[in-house]
Amino acid sequence: MFLCTLLVIHSLTALATPSLRWGADPSGGAPYVFADPANPQSYTGFDYEFAEALAREMGMTAQFVPTDWESIVASLNRKEFDVIINGFEPTEDRAREMLFSKPYYLFRLQLTVRKNDTRISSIADCKKLGIPVGTLVNCSASRLLDEGGYKSVGYQDPVGAYQDLENGRVDAVLMDVAGEMFYARKNPNLRPAGEPFNTGAYVVGIRKGDTELKKRIDAAIVRLSDDGATERIFRKWDLWNDEQLTLRSAEPAKYEVAKSTFNWSEGLIKLTKAALVTVLIAFGAMLIAVILGIPLALGQSNGGTAVKVLCTVYIEFFRGTPVLVQLLFLYFGLPVVGITLPGWLTAVVGLGLNYAAYESQVYRMAFEAVPSRQWQVAYSLGMRPVQAFRRIIFPQAFRTALPPMTNDFVSLFKDTSTAFAIAVWELATAYRELANATQSYLGIGLVVCCYYLAMSLPLAHYAHKLEQRLQRKSTGILSSGSNT
Amino acid sequence: MITIKGLTTTVQGTKLLNNVNLELKPGRILGIIGPSGNGKTTLLMCLCGLLPFENGTITVGGKTLRAEESGSRSETIWEFRKKSGIVFQHLHLFPHLTVLGNIIEAPVHVNRTPKAEAERQAIDLLAKLGIEQHRNKYPEELSGGEQQRVAILRALSMNPEVLLLDEPTSALDPIRSGDVRKLLQEFAASGHTVVIVSHSVRFLKGIADELAFMGKSEMIEMNSTQELLENPRDERTREFLSYSELN
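If you're wondering where the values come from, they're calculated on a predicted model, not measured in any experiment.

1. A few points about the overall build of chain A
Then, number 1: Assigned secondary structure in chain A consists of 18 helices and 11 strands.
Then, number 2: Its C-alpha radius of gyration of 29 Å places chain A more than 25% over the 23 Å reference for a compact globule of 484 residues.
Then, number 3: The C-alpha extent of chain A, read off along each of the three principal axes, is 100 × 65 × 50 Å.
Then, number 4: For chain A, buried positions account for 48% of its 484 residues.
Then, number 5: Contacts in chain A between residues far apart in sequence, at least 24 positions, make up 73% of those at least 6 positions apart.

Spelled out as C-alpha cells, the structure:
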C-alpha cells in the first residue's frame, strides 16, 4: 500500500514538473556518466550530477536517456532526448545543425605514454617520429589530430585505448583530462607526457530551433556557476581549476572551437584506404580458413578419438559463439598471456579461425558426397590412394564444395565489418566515423555502398563464371558431335 | 586364367563366401548365376582385389593373392589389381571426365602411356562400339547403354587378363547387342577371361561358355552352359533353374 502511494505520488510529481530528457553514452563513460560501481542499477558521474542540478535549476526533472556516443547528434535530431550532456564540445560542423549552450566547463587535452617509453614528451614528438596517436572517435582530440596532420587510431571508448597503449598496440593516447585522470593517471605502467594543452569547452547540445530552451539553459548555467553549484560538483570529481572561474564573468570565455575537418577528397582517400584494409582482411582470413579447414575436416572424419573430440570442440566453439565476441577475446584476452597482435592481424586470424570451422564442414560434406565406389574404380585401375584422391576424388568434391565456399567468402567479406570493435579502420568503421563527423549518413553511405559493390560484384561474377565452367564441364555444352 | 582355392570371407559378422573353389581357363566366358545376396558380387570384389578375405588364395593371370595380403597395402595388391578390370552394376563413370578422359585416365596416369597414343587406342575401341562421336561428352549426357560401353572400355584400358562384369543387365542390356558381345568374345578369344555375374539365366545363356551356380555363400556346381542348364546335378540348382525359367 505504501509502495503504491509512493508510485502515485512519484507519477504525480512527474506529471507536475516537466522533464528534461538528456542523452549521454554511459559505456566507458567515466567520469562523465557511468554505471555507479556501488549500485550498478543507477548512474553517476559529473555530467550526471550537472544534469540533475541544471534541471532542478530550471524547475524540471532530469530524465537520463542512455545512447551511443558515435550517433549522439543523430539521436538528438531524432528527438530521442531533448539535450546532449556528455562532455559535448562545440565544433564548426556541428554548429551548422544544432545549438550550443554557454560552456559549463573548460577542459584540456592530455597526452599519455607508457612509463618506460622515453621517446615521447609531447604531441609534436609523435608527429616527428610518425607515431600514431590513439584517441576517441569524433571528439576534440581526434579533430585536433586530423587537422594537424597526425596519424591517429580511433577508439570507441577510453578503456580500449589505454589498454592498447599498455599492450603496445599504440604508443600514445590523447584524451580529455577528465578521462585521462580517471582511466590512466593511476595506472603504474603509464605516465602523462607533457602538460595539458588546447583549452576546449563542454556545452549542452540543443536541437536547432529550440531557441527558447537554449535561453533557459544558458540562464541556468550562469546561475549554477555564480552560486558555486558547478564548482561543488567538479571539486567532488577532482576536476576543478581556476580556469573555470572565467566562466563566471559576463565576458565570453576563451576556448577553441574545433574546425570542420571533412572534405570529400580526403574522405575518399580515407574510404579507399579502408576498402583496401577490408579486402586484405577478407582474403587473408579466407586463406587461413581454406587451409586450416583441411586438417579440421580430416581430424574430425578420420582422426583417433582424442583428435576427433578436439576437432569437434573447436568447430562447435567457433560456430556456436559470435565472431564479434571471438575477436574481442583475441584482441583483449590474448595480451594477458603475452600475445599482442595488431588489430588488423587479429581480424585476419580471428575471422580465419572462425571460418575454418565452417570450411571444414563444407569439405566433409563435399567428400561424403563422392560415392565410395569411385575409390574402388580408381583402385581397380591400378591407382594408388594419393593418385586416386588427386585425380578422381578431389575434382569431384571440389565441384560440390565451390558454391558453398563462394557463399562463405561473401559472408566473410561482410563479416569484416565486425573488426570495427577492435579499432581496425575498415570500411564499416570508416563509414560510421566519417558519417558521424559530417552527419552525412546518406551521401557517405552511398559512396561506401559503391565501394562494397565494386569489391563484391567482381567477386560474385568470377565465382559465377567458375561455377559455370565446372557446370559446363559436366553437362558438356562445349562438347562436339552430339546426337543423343 | 583364374584359380580360386578355399576362398572364405566374412563381412561384419556374416560369412559371405565359404570355401569357394574355382578354375577357369583362358579364352572362356564364365557366367555366375544364383539368387541375389548369395555372394556373387562379393566373389567379384575379391577377384579384383577390392575386398579382403580371411582364407584361401586367388590367382589371376599368374599373380597370386594370399588372404594375409588381401587387406594390406603391400606391393602385391597393387600389382594384383592390375590383372583384372571391373564394370560395376551402376557403372560409376568419372563424372568430371569426358568419355575419352574416362578411358585414357589410367593408361596415361598409371602406365605413363603418351596421351596421344592412349587417345588413338581409345578412339579405335570407341569406333568398334559405334560411339566414337560421343568421345567429348560427359557421362551424364549418355544413355544407359552408351555409359555401359564406356565403362567396359575403361575396364579394358589397362589391358587386364580378366574382365569382370557385375549384373550388366541392369543397364539396358546392351551386352546382347552384337558389337558388345563381339568385343567380349574377341577379348576372350585372344587368351583372356571374362566373368559375368547375373541373376538372369536367360541373359547368360546367350553369351557364357560355362555357368557356375552359387547357393548360400557356396559354389554349388560349375559346368558348360549347355550341360548345366540341361542336366543340373544339384537339387538346389534344379530348383533355381525351374524358378528362373518363369522369369
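2. Considerations on the overall build of chain B
Then, number 1: Counting its regular elements, chain B contains nine helices and 10 strands.
Then, number 2: Radius of gyration (C-alpha) of chain B: 18 Å, near the 18 Å computed for a compact globule of 247 residues.
Then, number 3: Each principal axis of the C-alpha distribution contributes one length, and for chain B these read about 55 × 45 × 30 Å.
Then, number 4: A total of 247 residues make up chain B; the buried ones form 56% of that total.
Then, number 5: Taking contacts inside chain B between residues at least 6 apart in sequence as the whole, the part at least 24 apart equals 64%.

3. Focus: the packing of helix α12 (residues 305–320) of chain A against helix α14 (residues 343–368) of chain A
All names here are of chain A.
Then, number 1: Interhelical geometry of α12 versus α14 gives an angle of 115° and a closest axis separation of 8 Å. Once α12 is placed against α14, the crossing between them reads as left-handed. The segment α12 lies against α14, with Tyr314, Ile315, Phe318 and Arg319 engaging Leu353, Asn354, Ala356, Ala357, Tyr358, Ser360 and Gln361.
Then, number 2: Per-class residue counts for the contact of α12 with α14 are seven nonpolar, three polar and one charged.

4. So, a nonpolar patch on the surface
Residue and element names in this part refer to chain A.
Then, number 1: On the surface, Phe367, Phe389, Phe394 and Phe398 cluster together to form a nonpolar patch covering roughly 320 Å² of accessible area.
Then, number 2: Broken down by element, the residue count for the nonpolar patch peaks at three residues, all from helix α16 (residues 385–415).
Then, number 3: Relative to the elements of secondary structure, Phe389 occurs in helix α16.
Then, number 4: Taking the relative accessible area as the measure of exposure, Phe389 reaches 34% and is therefore partly exposed.

5. Things to note about the packing of helix α11 (residues 264–302) of chain A against helix α17 (residues 427–438) of chain A
Residues and elements named next belong to chain A.
Then, number 1: Following both chains from N to C, one finds α11 and α17 inclined at 155°, their axes separated by 8 Å at the closest point. Put simply, α11 runs roughly antiparallel to α17. Contacts from Gly267, Lys270, Leu271, Ala274, Ala275 and Thr278 of α11 reach α17 at Leu427, Ala430 and Leu434.
Then, number 2: Along the lines of polarity and charge, the residues of the contact of α11 with α17 split into six nonpolar, two polar and one charged.

6. Here we look at the interface of chain B and chain A
Then, number 1: Residue-level contacts link 31 residues of chain B with 30 residues of chain A.
Then, number 2: At the boundary of chain B with chain A, total buried surface from both sides reaches about 2,900 Å², with 56% on carbon and sulfur atoms.
Then, number 3: Along the contact surface separating chain B from chain A lie two salt bridges.
Then, number 4: Listed by contribution, the elements that provide at least two residues to the side of chain B that touches chain A are α2 (75–81), β6 (84–87), α3 (99–109) and α5 (144–156) of chain B.
Then, number 5: Considering only residue class, the side of chain B that touches chain A consists of 12 nonpolar, eight polar and 11 charged.

7. A closer look at the pattern of salt bridges
Residue and element names in this part refer to chain A.
Then, number 1: Taken as a whole, this structure holds 29 salt bridges over all chains when the rule is applied.
Then, number 2: Of the charged contacts in the structure, one is a salt bridge between Asp171 and Arg119, with a shortest N-O distance of 3.4 Å. In this pair, Asp171 is assigned in the loop between α7 (158–167) and β10 (172–176) and Arg119 in the loop between β7 (105–114) and α5 (123–129), connecting sequence segments 52 residues apart.
Then, number 3: We classify Arg119 as partly exposed; its relative accessible area is 43%.
Then, number 4: When the shortest N-O distance is used, the salt bridge between Arg319 and Glu316 registers 3.2 Å. Of this pair, Arg319 and Glu316 both sit in helix α12, separated by three residues, roughly a single helical turn.
Then, number 5: With a relative accessible area of 41%, Glu316 lands in the partly exposed category.

8. Let's talk about the packing of aromatic side chains
All names here are of chain A.
Then, number 1: Scanning the entire structure with this criterion turns up 32 aromatic pairs over all chains.
Then, number 2: Ring geometry for Tyr43 and Phe64: centres 4.8 Å apart, planes at 75°, overall edge-to-face. Taken together, the residues Tyr43 in strand β3 (residues 39–44) and Phe64 in strand β4 (residues 61–66) connect sequence positions 21 residues apart.
Then, number 3: Between Tyr105 and Tyr202, the ring centres sit 5.8 Å apart and the planes meet at 25°, which makes this aromatic pair stacked. Of this pair, Tyr105 sits in strand β7 while Tyr202 sits in strand β11 (residues 190–207), placing them 97 residues apart in sequence.

9. Some remarks on the sheet that holds strand β8 (residues 193–197) of chain B
What links the strands of a sheet is backbone hydrogen bonding, and the strands pair in either a parallel or an antiparallel sense.
All names here are of chain B.
Then, number 1: Taken together, six strands build an open sheet; the order of strands is β6-β7-β8-β3-β9-β10 and the sheet is mixed. Each edge of the sheet is formed by a strand with only one pairing partner; in this case those strands are β6 and β10 (218–224). The sheet shows a mean angle of 20° between the axes of neighbouring strands, direction not considered.
Then, number 2: Sheet analysis places strand β3 (residues 29–33) next to β8, joined by four bridges and oriented parallel. Bridge pairing in β8 places Gly31 opposite Ile196.
Then, number 3: Packing against the sheet, helix α1 (residues 40–47) makes contact with β3, β6, β7 (162–166), β8, β9 (210–215) and β10, and its axis sits at approximately 150° to β7.

10. Considering unusual backbone geometry
Then, number 1: Residue Pro31(A) is reached from Ala30(A) by a cis peptide bond, and omega for that bond is -5°.
Then, number 2: Looking at the secondary structure, you find Pro31(A) in the loop between β1 (19–24) and β2 (34–36).
Then, number 3: Within the chain, His92(B) stands out as a residue other than glycine whose phi angle is a positive 55°.
Then, number 4: Looking at the secondary structure, you find His92(B) in the loop between β6 and α3.

11. Looking at the confidence of the model for chain B
Then, number 1: Taken over all residues, the pLDDT of chain B has a mean of 88, while the share at 70 or more is 95%.
Then, number 2: Within chain B, α3(B) carries the highest mean pLDDT (95), whereas helix α7 (residues 201–205) of chain B carries the lowest (82).

12. Structural notes on the environment of Ala189(B)
Residue and element names in this part refer to chain B.
Then, number 1: With respect to the helices, strands and loops of the structure, Ala189 is situated in helix α6 (residues 178–189).
Then, number 2: On the basis of relative accessibility, which here comes to 68%, the residue Ala189 falls in the exposed class.
Then, number 3: Along the chain, Ala189 and Glu235 lie 46 residues apart, while their C-alpha atoms are 33 Å from each other.

13. Section: the domain arrangement of chain A
Residue and element names in this part refer to chain A.
Then, number 1: Under the domain assignment, chain A is made up of domain 1 (18–104 + 203–255), domain 2 (106–200) and domain 3 (264–483).
Then, number 2: Computed over C-alpha atoms, the centres of domain 2 and domain 3 are 36 Å apart.
Then, number 3: Across the boundary between the two partners, domain 2 contributes 13 residues, which contact 16 residues of domain 3.
Then, number 4: Surface buried jointly by domain 2 and domain 3 totals about 1,000 Å² across both partners, of which 45% is contributed by carbon and sulfur atoms.
Then, number 5: A per-residue breakdown of the area domain 2 buries against domain 3 is headed by Gln156, Asn167 and Arg169, which together make up 48% of the total.
Then, number 6: Where domain 2 touches domain 3, the interface holds one salt bridge.
Then, number 7: Summed over the shared surface of domain 2 and domain 3, the result is three residue pairs in polar contact (both at pLDDT 80 or more).
Then, number 8: Counting only elements with at least two residues in the side of domain 2 that touches domain 3, the list comes to α6 (140–147), β9 (152–155) and α7.

Conventions and cut-offs
Along each chain, residue indices are assigned from 1 in the same order as the chain's sequence is written. In the order they appear in the text, chains get letters beginning with A and ligands get numbers beginning with 1. For a predicted model such as this one, the threshold for reporting local features is a pLDDT of at least 70, and the threshold for listing and counting side-chain atom pairs is 80 or more; totals across whole chains, interfaces and linings nevertheless cover every residue. Side-chain measures were taken over the full set of non-hydrogen atoms in the model, leaving aside hydrogen atoms and water. A run of DSSP states H or I qualifies as a helix once it reaches four residues; a run of E qualifies as a strand once it reaches two. Both are numbered from the N-terminal end. Computation of the radius of gyration draws on C-alpha atoms, with the globule rule given as 2.2 Å multiplied by the number of residues to the power 0.38. Three exposure classes are used, based on accessible area relative to the maximum for each residue type with a 1.4 Å probe and protein chains only: buried under 20%, partly exposed in between, and exposed over 50%. Residues are treated as being in contact if the distance between any of their heavy atoms lies within 4.5 Å. Angles shown run from 0 to 180 degrees and are taken between the N-to-C directions of axes, each axis being a line fitted to C-alpha atoms and, for helices, limited to the stretch in contact. Should the near helix be turned anticlockwise from the far one by less than a right angle, the crossing is left-handed, and should it be turned clockwise, the crossing is right-handed. Asp, Glu, Lys and Arg are counted as charged, while Ala, Val, Leu, Ile, Met, Phe, Trp, Tyr, Cys and Pro are counted as nonpolar; the rest, among them Gly, fall into the polar class. Like charges are joined within 9 Å and nonpolar side chains (Val, Leu, Ile, Met, Phe, Trp, Tyr) within 5 Å, but only among residues with over 30% relative accessible area and no salt bridge; these make up the patches. For the accessible areas, the method is Shrake-Rupley and the probe is 1.4 Å, while residue cover comes only from the protein chains on display. Think of a salt bridge as a Lys or Arg side-chain nitrogen and an Asp or Glu carboxyl oxygen that are within 4 Å of each other. In these notes the angle categories are as follows: under 35 degrees is roughly parallel, over 145 is roughly antiparallel, 65 to 115 is roughly perpendicular, and the rest is oblique. Joining two parts hides part of their accessible area as seen by a 1.4 Å probe, and the buried area is that hidden amount summed over both. Stacked, edge-to-face and tilted are the three classes for Phe, Tyr and Trp ring pairs, Trp counted by its six-membered ring, which pair at centre distances within 6.5 Å; planes under 30 degrees apart are stacked, over 60 edge-to-face, the rest tilted. Any two strands are treated as partners once DSSP identifies two or more bridges connecting them. The pLDDT score gives, residue by residue, the confidence of the prediction method on a 0 to 100 scale. What fixes the domain bounds is an automatic or database domain assignment. Here a polar contact is taken to be a pair of N or O atoms separated by no more than 3.5 Å, where protein atoms must pair a possible hydrogen donor with a possible acceptor and residues adjacent in sequence count only if both atoms sit in side chains.

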